[in-house]
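A look at the structure
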Amino acid sequence: MHKLLRDFEGSNVETPTVDPARIRSGIDRIHVEAALALNLHGSFRKAADALNMKPATVNRRIRDLEFLVGVPLFERRHRRAVPTRFGKIFLRQSARMFVDFHAMVEGMRRISNGQAGEVAIGYYGPLGAGPLHSLLLNRDPQLGEIRPVPVEFASGSLFDALIAETIDLAIVYGPTSQFREKARSSGTNASSP
């Protein structure tokens, strides 16, 4: 899990410095949800039913959104609402933003709950075709969305990699006394299996 979180934190994409007060648009999530629902269902009544609102409320939210954006987003036709050219652009971008945001939140929740991500497993020595090879390289359906990531180290470096959180787990051949001794000298708590 540490590796995946470090990847999020250390990605090359810089987090833009954003002052929410300066980019405040007055548009709330519910405005965009109303527009997406209206586009999906095609009528104010059906969109209102889907959002558990009154049609007049959806209509007001769409009017407020169009005022805030500065362009008409929907063309009102007898009992139907059809996106305008500007509306199609707005809806496409808004839908992408919502899908990306939802995927990010859901992914973070799954990682936090231990249901997804990567587990960096440190080892040393040859993988061969035995049980270590199977453990590290074959996908286990019981792990669901958790993927083991093998990381080879020299035998003396495994403990340091654990302490530095470069790996989540270390596979050690033979006695673990070396780990216990290093743990005592570094003040960490390492227990043997």
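Residues numbered from 1 in each chain as written. Predicted model: local features only at pLDDT ≥ 70, side-chain atom pairs only at ≥ 80, totals over all residues. Heavy atoms only, no water.

**Structural notes on the pattern of salt bridges**
All told, the structure shown has four salt bridges when counted by the stated rule. The salt bridge involving R77 is made with E75; its shortest N-O contact spans 3.0 Å. When its relative accessible area of 45% is taken as the criterion, R77 is described as partly exposed. Relative accessible area serves as the criterion here: at 38%, E75 is assigned to the partly exposed category. (Salt bridge = Lys/Arg side-chain N within 4 Å of Asp/Glu carboxyl O. Buried < 20%, exposed > 50% of the residue type's maximum accessible area, 1.4 Å probe, protein only.)

**Focus: helix α6 (residues 85-112)**
Taking 1.5 Å per residue as the helical rise, α6 with its 28 residues ought to reach 40 Å, and the 41 Å between its terminal C-alpha atoms agrees with that figure. Among the residues of α6, those classed as buried are G87, F90, L91, S94 and I111. Remark: G114 follows α6 within two positions and exhibits a positive phi of approximately 75°. (Helix = DSSP H or I, 4+ residues; strand = E, 2+ residues; numbered from the N terminus. Expected span 1.5 Å × (residues − 1).)

**Here we look at the confidence of the model for the protein chain**
For any part of a model where pLDDT is low, the fine detail of the predicted coordinates should not be relied upon. Averaged over all residues, the pLDDT of the protein chain equals 80, while 78% of them reach at least 70. Within the protein chain, helix α1 (residues 2-10) has the poorest average pLDDT of any element, 55, and helix α4 (residues 44-51) the best, 95. (pLDDT = per-residue confidence, 0-100.)

**Here we look at the sheet that holds strand β4 (residues 145-152)**
Taking strand neighbours across the sheet as the criterion, the three strands line up as β4-β3-β5 in an open arrangement whose pairing is parallel. Of all strands in the sheet, those with a lone pairing partner are β4 and β5 (169-170), marking the two edges. Sheet topology note: the strand β3 (residues 116-123)/β4 ladder contains eight bridges and is parallel. Across the sheet, the residue bridging to G117 is I146, located in β4. (Pairing = 2+ DSSP bridges.)

**Topic: the nonpolar core**
Counting residues in each nonpolar core, the largest one holds 16 residues, and the members touching the most others are A35, L38, F44, V58, I62 and F74. Contributing elements (two or more residues each) for this core: α3 (29-41), α4, α5 (55-69) and α6. Per-element tally for this core: the top contributor is α3, with five residues. Formed by five residues, the second largest nonpolar core is a distinct cluster that contains I121, L132, L136 and I171. (Core = buried A, V, L, I, M, F, W, Y, C linked by side-chain atoms within 4.5 Å.)

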